[in-house]
Amino acid sequence: MLKRTIYSLAIVALIAGCSSGTKLTDTPVTDGRGSAGQQGGSASAVTPVNADPNAGNAQGPVGVARIVYFDYDSYTVKPEFQSIIDGHARFLKSAPQRRISIEGHTDERGGREYNLALGQKRSEAVRRALTLLGVSDSQIEAVSFGKEKPAVQGSGEEAWAQNRRAEIRYTTR
């Protein structure tokens, strides 16, 4: 388990420098909290990494994870990730000059366009959760990478579960 966690952190660190200015603004977003209809996946499919991959980076809150995982074909923010969103919301509200980019990702299944749209819905769901907690919309950019930047290579539920995510990245503007 520790070896897999270290491997996952290494992969996240490798892709941390990559970014895209691509914005998909035509994707509708709905607040899916509490709604039924999720397909597949389970709440225990991914164990959130409690270590802060950017601990050396003083731009964000220390000790607060920066990844929100999603169920298969879903962009509903699960209750177990609310504390992550709460931590970032508190930090962003106390530091209005700070900006974040929320990067939506999917697993490898599905077409490119579908996965770009789903990744955008995931990043927008995290954005909406933050703005509902009082974070200014001007502090947040939501982007999608679809299936193009997997955190973990491979096929199978273990890899797919780690790739269905939204990552919070603090930016300098």
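Residues numbered from 1 in each chain as written. Predicted model: local features only at pLDDT ≥ 70, side-chain atom pairs only at ≥ 80, totals over all residues. Heavy atoms only, no water.

1. Focus: the nonpolar core
Of all hydrophobic cores here, the largest spans 24 residues; its most connected members are V68, V77, I100, I102, V126 and L130. Among the secondary structure elements, those contributing two or more residues to this core are β1 (67-69), α2 (82-94), β2 (99-105), α3 (112-132) and β4 (165-171). Apart from residues no more than four positions distant in its own chain, I102 is found in contact with S123, V126, R127, L130, I140, E141, A142, V143, A166 and E167. (Core = buried A, V, L, I, M, F, W, Y, C linked by side-chain atoms within 4.5 Å. Buried < 20%, exposed > 50% of the residue type's maximum accessible area, 1.4 Å probe, protein only. Helix = DSSP H or I, 4+ residues; strand = E, 2+ residues; numbered from the N terminus. Contact = heavy atoms within 4.5 Å.)

2. Thoughts on the confidence of the model for the protein
In this model, the protein carries a mean pLDDT of 77, and residues with pLDDT of at least 70 account for 66%. Contacts of residues 1-58 to residues separated by more than four positions or lying in other chains number 83 contacts, the stretch itself having pLDDT below 50. (pLDDT = per-residue confidence, 0-100.)

3. Remarks on the sheet that holds β1
With respect to topology, 4 strands assemble into an open sheet ordered β1-β4-β2-β3, the strand pairing being mixed. Every other strand in the sheet has two partners, leaving β1 and β3 (140-146) as the edge strands with one partner each. Averaged over all adjacent pairs, the angle separating strand axes in this sheet is 20°, with direction ignored. As defined by bridge partners, β2 adjoins β3 across 6 bridges and the pair is classed as parallel. For H105, the partnering residue across the bridge sits in β3 and is G146. Along the sheet, α2 contacts β1, β2 and β4; its crossing angle with β4, the most-contacted strand, is approximately 20°. Relative to the sheet, α3 contacts β1, β2, β3 and β4, its axis offset from that of β3 by approximately 155°. (Pairing = 2+ DSSP bridges. Axes fitted to C-alpha atoms, helices over the stretch in contact; angles between N-to-C directions.)

4. Notes on unusual backbone geometry
Non-glycine residue D73 carries a positive phi angle of around 55°. By the element assignment, D73 lies in the loop between β1 and α2. A relative accessible area of 29% means that D73 is categorised as partly exposed.

5. Focus on the pattern of salt bridges
Within the structure shown, the criterion is met by 10 salt bridges. Taking the shortest distance from any N to any O, the salt bridge between D107 and R109 comes out at 2.7 Å. According to the relative accessible area criterion, D107 is buried, its value standing at 5%. The class for R109 is partly exposed, based on a relative accessible area of 26%. Linked through salt bridges whose partners overlap, the residues forming this network are E103, R165, E167 and R169. (Salt bridge = Lys/Arg side-chain N within 4 Å of Asp/Glu carboxyl O.)

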